[in-house]
Amino acid sequence: MNKFRSRKFVAVLSLSAVAGLLGASSARAQAATDNSATNTDQTVKLEKYTVTGSNIPTTLTAAEAGSFPLVALDRLTIEKTGYQNAAELLQKLTISNSGSVAISNNATGFTPGATGVSLRGLGPEATLVLINGHRIAPYPVGQSGDTAFVDLNTIPIGMIDSIEVLKDGASAVYGADAVAGVVNIKLRKNYNGSEAMVRYQNTTDKDSTEVTANLLTGVSTDKGSITIGFNYQRRNGIFNKDRSYSAVPAFLSSNSSPINAQIGVLAYDEANGLAAGTEPSGVDAGTVAFYATPGPITADGLPTTSSNNGNTPANQWLYNQRSVYNFNQDSMSFPSWTRYGMIMNGERKLFDSDKLTGYFDGNYQKSTTHNELAPSATGNFLTPGQTTLVIPARTANPILTVVDGDGNISQVAAGTPLPAGDSTGAGTMVDANGLVQRVAAPGAYNPFNPFNQDITDATRFRTKEFGNRIFDDTNEAFMGTVGVRGDNILDKFNFDAGLRYSEIAFHGNDTLVSSSKFNEVLNANSIALQNAGLTPYNPFGYYANPIPANFAVTQMALVHTHDSDTSSIGNAFVNVNTDSLFEIPGGSVGAAIGIDYRVERLKQSPDSENATGDIIGSSPAAITDHTRKVGAIYAEMNFPIVSPSQNIPGLYKLTADVAGRYEDFYTSHDTVAVPKIGVAWNPIDDSLLFRASASKGFLEPSMFKLYSGPIASLLGLTDPRTGDELTETPIVSKGNSKLKAETSKAFTAGVVWTPKKFLNGFTANIDLWRIERHGTALIDQQNTLDRWGASGNAGLLDGEQVILDPAGNIVQVVSTYHNAGNTISDGADLGASYVMNTDAVGRFDFAVGFSYLHSFRQSYVENGPVYELVDTTDDGEGNDAYLKRKARVETTWTYKGFQTNIAGNFIDGFQNYDLNGDPYRTGSSWTFDLRISYTLHDEFGPYLKDSTIAIGSKNILNRQPPLSQYFGANSTNYPGFIYTAEDRLVYVSLDKKF
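Calculation notes
Residues numbered from 1 in each chain as written. Predicted model: local features only at pLDDT ≥ 70, side-chain atom pairs only at ≥ 80, totals over all residues. Heavy atoms only, no water. Patch = residues over 30% accessible without salt bridge, like charges linked within 9 Å, V, L, I, M, F, W, Y side chains within 5 Å. Areas by Shrake-Rupley, 256 points an atom, 1.4 Å probe, with all protein chains shown as cover. Salt bridge = Lys/Arg side-chain N within 4 Å of Asp/Glu carboxyl O. Helix = DSSP H or I, 4+ residues; strand = E, 2+ residues; numbered from the N terminus. Buried < 20%, exposed > 50% of the residue type's maximum accessible area, 1.4 Å probe, protein only. Pairing = 2+ DSSP bridges. Polar contact = N/O pair within 3.5 Å; in protein donor to acceptor, adjacent residues only side chain to side chain. Contact = heavy atoms within 4.5 Å. Core = buried A, V, L, I, M, F, W, Y, C linked by side-chain atoms within 4.5 Å. Phe/Tyr/Trp six-rings, centres within 6.5 Å; stacked < 30°, edge-to-face > 60°. Lys NZ or Arg CZ within 6 Å of the ring centre and 35° of its normal.

Chemist: Looking at this structure, I do not really get a nonpolar patch on the surface. What am I missing?
Modeler: A cluster of nonpolar residues, Val198, Tyr200, Ile932, Ile949, Ile951, Val988 and Leu990, forms a patch on the protein surface that exposes about 560 Å² of accessible area. Listing elements by their share of the nonpolar patch, those giving two or more residues are strand 6 (193–203), strand 46 (947–954) and strand 47 (985–993). For Leu990, the position within the fold is in strand 47.

Here it is in structure tokens:
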């Protein structure tokens, strides 16, 4: 940072400090939990919200609620749900919507075993996740390779004390990137005693056993405390074939065994003894290349159980037909994992003073995840940016062809200059000097190839005989904080100063097929094969009839890759606050000021095979090592403008919260100041509260979006020229170092009603919200394709491409991140709760929460058209959707040690398209969870005293996911990022306190 910028930052810092100490607020200073906090504190201190006995669709009473809408989940609430991971708990919130990172069906999303939450459907990087009020490192591999998120699986639910979700923008307090809201997870501390828990659960259809065990122990005295917790969890996976609805996908893959080879006319004629230029029946006149499969296959492309053993002669091949493959017979929909770790925290009074406390906290978690995908799909053998795959011709001197502008085909010799206006035919290429060459290496041949042509181009194959793709990945997460806290300094001020370091490391150990070695085992002229005394691989059979000689050579093409990626954040912070800086007629003005400095680092070190792109279906992975530094200061004020003691009609109580944050992104040379204001008004008494807030945000692009290299995958797209569905289209996503930061605005307005006089225990609320993002950084391959279809290459942005083969077929879509324009979303949250205490039959808690997404509008290019996405799927495959409605209802009965909790979760359907492209609606669903527990006291003796036995079921009615096909592009037949294939789960647990 240059001298001018340094002075500017120091000047603003100093002015803000003076303003904060003279008139800032008691805002969201990171204070200790205080259940007896006044309403003034509650309007501004996120840390102070604790609602004992609340439910997931919770509401705070009008007396408790403040200017900003909040969901508060305490320890008892979390236990009642029966959920065993933080991701499941948060994704059940009604405000969680499209873009959450799902653990199921997610290996192709590049993040097997990691999960994240997306509030309001704005994506996980717009949702700020904190632990104990401070940031933690994002996962070192982005969702889909390029979207930042915090992995919730690094936060064991058994070690969580409470979760607080702020449902509006909190950029002014926690960082300019808190666009959609804040999730603050507080770990257990100040524990006195010991507690052990063990739980067993399983699915009732097939077997997906999960075993969980937690141990927590601690000592707490008037001088300090220490708490240590250990957690362990093991889970078995689920395969797609284990469920009837996902056993056969909506589409069957053309990456198949038997092979779908692209054959040229002259090679076909030579192999079948026909006159040059003769085309097979069923092929349009003038076609220069066509698909062929050794089959035999049924009319719908499914292989038969014939005796195809790889030696089918050319005259028995099927031309202009394709075989298909059911990849779900091999793939997992839910990974297996083992997770374990520990938390430790403590505090100690310093210098025998009641005002100074030193503290530390730490969290270490390790997880190993096993996932399997179907054997590698090659995609087109000739895909730009990837290693070209080729099955050598029958002889070392294959047929080379060129095609003139009229479609006439002629055979040429290697080294012939390509005539102007001509293109190469099947199995033929042009070198850098414009000379026609064969695709395979000189002298290569495969004796099992019935055609004297190098088979490549749009050929597609499934490497079934090479085995499944295996992903054995390990995640290690560490977080440590040390600090000093001061209470009531000068009889007025509190402070918290400390350092935190957070890191998460990903270590991949994957078994895949090397592209270069695949080519090598196909070549009978390979030195490696000859030295091993092996015959080349025969790719022309059908995997159900194994070719014995193939097994030895397939093992030669397997590689074990070892990627290593690390993400870290180092953070220094100082917060000062007071509940009573000075008095105004309405009461005491609170104030807070905070200084924050952090260093973020992303380091990605792919294996050599991944770095060079030498993996079938992959492009070269990026080697990334980037650091970002951010400095910030924030200040807040809470003004009790009117208090009850003033007796002003219609103004029983009126408070205002004002906050501002200045951030300096040193690395990108961006600075920003973001404000936030909130107002809370009780017109009559504490039974009715009106509230509103407005804020601005500033979202820097993630380092994934800035620096990620080309990321290749397959995606279902629609050809804008014909409307045809293009399943498994090769796509490439690229980062863009020139991305600019996004800006945002957030607005909320609501009312909370607690009619104590005639319905004591009842609370209801409604909050309206609107969020605008400008310059949203996004990528969308279908939109790239649509703009190309409408305007040709002139409709594409820098870095975008639509690549065609000589026949005009789309063979690849390349998109890059860019600042696309605007995202505007709005909706409403409603909630109600009622607590009824009776002497005869105990206590009843009722709650309902409902979120309504009224609109989600998105433009994909600057100044481009705006599309309404609410109630639609926008991922090209029908796995995810912007859901218009989500709801949760919950009833709890507590009586003499017994507790029964019943919860219902509603997920709305969305507009979809069937296999024929006709519109239909993917159905909505209700699922119900049940938990029954009993806490033993003295009646069973001292050994069982304070033990809680619980049994329960999630999705007790065994509701299966709804159908989602989306033009036949969906790989699981259901919305795989919204639902899992777990179906009904049953469990039993024992919790013992000592």
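Chemist: I tried to follow the environment of Gly792 on my own but got confused; where do I start?
Modeler: Mapped onto the secondary structure, Gly792 falls in the loop between helix 12 (781–791) and strand 35 (801–804). Take Gly792: its relative accessible area is 24%, and that puts it in the partly exposed class.

Chemist: Help me understand unusual backbone geometry, please; the structure alone is not making it clear to me.
Modeler: Most peptide bonds adopt trans geometry, and most residues besides glycine take a negative phi value. Residue Ser257 is joined to Pro258 through a cis peptide bond whose omega torsion reads 10°. Mapped onto the secondary structure, Pro258 falls in the loop between strand 9 (238–239) and strand 10 (261–264). Of note, the amide linkage connecting Gly295 to Pro296 takes the cis form, showing an omega dihedral of -10°. Inspection of the secondary structure assignment puts Pro296 in the loop between strand 11 (289–293) and strand 12 (318–319).

Chemist: Hey, could you run me through the pairing of strand 47 in this one?
Modeler: On a regular strand, each side chain points to the face opposite its neighbour's, so the side chains alternate between the two faces of the sheet. In this structure, strand 6 lies alongside strand 47, joined through nine bridges in antiparallel fashion. Bridging from a neighbouring strand, Glu195 pairs with Lys993 of strand 47. Relative to strand 47, strand 46 runs antiparallel, the two being bridged by eight bridges. Each residue of the ladder has a partner; that of Ala950, found in strand 47, is Ser989.

Chemist: Would you take a moment to explain the side chain of Thr203 for this structure?
Modeler: Within the secondary structure layout, Thr203 lies in strand 6. Separated by 3.4 Å, the side chain of Thr203 and the backbone oxygen of Lys206 make a polar contact. Excluding anything up to four places from it in sequence, Thr203 contacts Ser208, Arg235, Ile238, Arg243, Glu982, Arg984 and Leu985.

Chemist: Would you explain the sheet that holds strand 1 (residues 70–73) in this entry?
Modeler: Paired through their backbone hydrogen bonds, the strands of a sheet run either parallel or antiparallel. Sheet architecture is open: five strands sit in the order 1-4-5-2-3, paired in mixed fashion. The open sheet is flanked by strand 1 and strand 3 (134–135), the only strands paired with a single partner. Pairing analysis gives six bridges linking strand 4 (residues 160–166) to strand 5 (residues 181–187), with the strands arranged antiparallel. What sits directly across from Val165, in strand 5, is Val183.

Chemist: Would you explain the nonpolar core in this entry?
Modeler: Across soluble globular proteins, you tend to see nonpolar side chains buried next to one another. The biggest cluster of nonpolar side chains holds 46 residues, and the ones touching the most others in it are Leu152, Ile160, Ile163, Val165 and Val183. Top contributing element to this core by residue count: helix 4 (residues 86–91), with four residues. Excluding its chain neighbours within four sequence positions, the residues that come into contact with Val183 are Leu90, Val117, Leu119, Thr127, Leu128, Val129, Leu130, Ile163, Glu164 and Val165.

Chemist: Even after reading the chapter, I still don't get the packing of aromatic side chains, so can you show me in this structure?
Modeler: The geometry of an aromatic ring pair is captured by two quantities: the separation of the ring centres and the angle between the planes. A complete count under the given rule lists 35 aromatic pairs for this structure. Taking 6.4 Å as the distance between ring centres and 10° as the angle between the ring planes, the aromatic pair formed by Tyr834 and Phe846 counts as stacked. One end of the pair, Tyr834, is in strand 38 (residues 822–838); the other, Phe846, is in strand 39 (residues 842–859), and twelve residues separate them in sequence. Residue classification places Tyr834 among the partly exposed residues on the basis of a relative accessible area of 22%. Phe846 sits in the partly exposed class, given a relative accessible area of 31%. Above the face of the Trp337 ring, Arg339 is positioned so that its terminal group lies 3.9 Å from the ring centre. A cation over a ring is seen here: Lys676 above Phe68, with NZ or CZ 4.0 Å from the ring centre.

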